[in-house]
Amino acid sequence: MMAQRVGLQAIKRLTVGPISPAMATRYLSAHSRYVIQSPSIPVLPSIISTHCIPMSGSCRLFSGTAVKRHGHVQEPKPGEEIRVTFITREGDQVHIDAAEGDNLLDIAQAHDLDMEGACGGSCACSTCHVIVDPEFYDRIPEPDDDENDMLDLAFGLTETSRLGCQVKLTKDLDGLRVALPQMTRNLQAKDFEKR
């Protein structure tokens, strides 16, 4: 956690304006254990004074992207938004405009909803279990055998349960409503070890 904060502070200072190598060295001298040195990166003199932090003759280039660009969710094009409503465990309704092709797990995580997705969306757990509004359930393609196997492990299984990682948005699903179950079950190998 400290390494992330130091990295963010360094990026903020580097993007404010030109920074001299002396200033960069002074700033990072207290945090040198968090700096990754990379002697294989060629250093150009013009880069050193503005974008690079020299340490012992080597340099590490920093780059950053907006946090919302780190996920897999696409920004919907104007006029092509697909409206999805998530009903949280507390009963709150969260309305989200999403793009065609995104799945419910990625959308929920991109908007800080409480959907775990322990397997990263590879259909190997049931922590992205959602309960689909019956009005929309038949518009979603049938679950395959892998999804059905994982749904068998889901807490609070219903007739309209699906895994969020397997529900990809299409124009037919505009207005989709899904509820998050009261809890999820994350079975891990350590749960089956003899104690």
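Residues numbered from 1 in each chain as written. Predicted model: local features only at pLDDT ≥ 70, side-chain atom pairs only at ≥ 80, totals over all residues. Heavy atoms only, no water.

Q: Even after reading the chapter, I still don't get the pairing of strand β7 (residues 176-179), so can you show me in this structure?
A: Note on strand geometry: in a regular strand, side chains alternate between the two faces of the sheet. Only one face of β7 is buried, namely the one carrying Leu176 and Val178, since none of Arg177 and Ala179 on the opposite face is buried. In the sheet, strand β5 (residues 129-132) pairs with β7 via two bridges, with the strands oriented antiparallel. Paired with Val132 across the bridge in β7 is Val178. (Buried < 20%, exposed > 50% of the residue type's maximum accessible area, 1.4 Å probe, protein only. Helix = DSSP H or I, 4+ residues; strand = E, 2+ residues; numbered from the N terminus. Pairing = 2+ DSSP bridges.)

Q: Sorry if this is basic, but what is going on with the side chain of Thr85 here?
A: Of note, Thr85 is situated in strand β3 (residues 82-87). At a separation of 2.9 Å, a polar atom in the side chain of Thr85 contacts the side chain of His95. Ignoring any residue separated from it by four or fewer positions in sequence, one finds Thr85 in contact with Gln93, Val94, His95, Leu176, Arg177 and Val178. (Polar contact = N/O pair within 3.5 Å; in protein donor to acceptor, adjacent residues only side chain to side chain. Contact = heavy atoms within 4.5 Å.)

Q: How should a negative patch on the surface be read in this particular structure?
A: A cluster of acidic residues, Asp144, Asp145, Asp146, Asp149 and Asp152, forms a negative patch on the protein surface. The residue Asp149 is located in helix α6 (residues 145-151) in this model. Look at Asp149 and you get partly exposed, because its relative accessible area is 45%. (Patch = residues over 30% accessible without salt bridge, like charges linked within 9 Å, V, L, I, M, F, W, Y side chains within 5 Å. Areas by Shrake-Rupley, 256 points an atom, 1.4 Å probe, with all protein chains shown as cover. Salt bridge = Lys/Arg side-chain N within 4 Å of Asp/Glu carboxyl O. Lys, Arg positive; Asp, Glu negative; His and termini not counted. Charge placed at Lys NZ, Arg CZ, Asp CG, Glu CD.)

Q: Would you explain the confidence of the model for the protein in this entry?
A: Detailed conclusions should not be drawn from predicted coordinates in areas where pLDDT is low. Counting all residues, the mean pLDDT for the protein is 75, and 58% of those residues have values of 70 or more. Contacts of residues 30-59 to residues separated by more than four positions or lying in other chains number 50 contacts, the stretch itself having pLDDT below 50. The low-confidence segment residues 65-70 (pLDDT under 50) makes two contacts with residues lying over four places distant or belonging to another chain. (pLDDT = per-residue confidence, 0-100.)

Q: Hey, could you run me through the nonpolar core in this one?
A: Across soluble globular proteins, nonpolar side chains have a tendency to be buried as a group. Membership of the largest hydrophobic core comes to 28 residues, with the highest contact counts inside it found for Phe86, Leu104, Met115, Val132, Leu169 and Leu176. Those elements that provide at least two residues to this core are β3, β4 (93-98), α4 (104-110), β5, α5 (134-137), α6 and β7. Element by element, the count of residues in this core is highest for α4, at four residues. If we ignore the near neighbours within four places in the chain, the residues touching Leu104 are Val84, Phe86, Met115, Val130, Gly164, Val167, Leu169, Leu176 and Val178. (Core = buried A, V, L, I, M, F, W, Y, C linked by side-chain atoms within 4.5 Å.)

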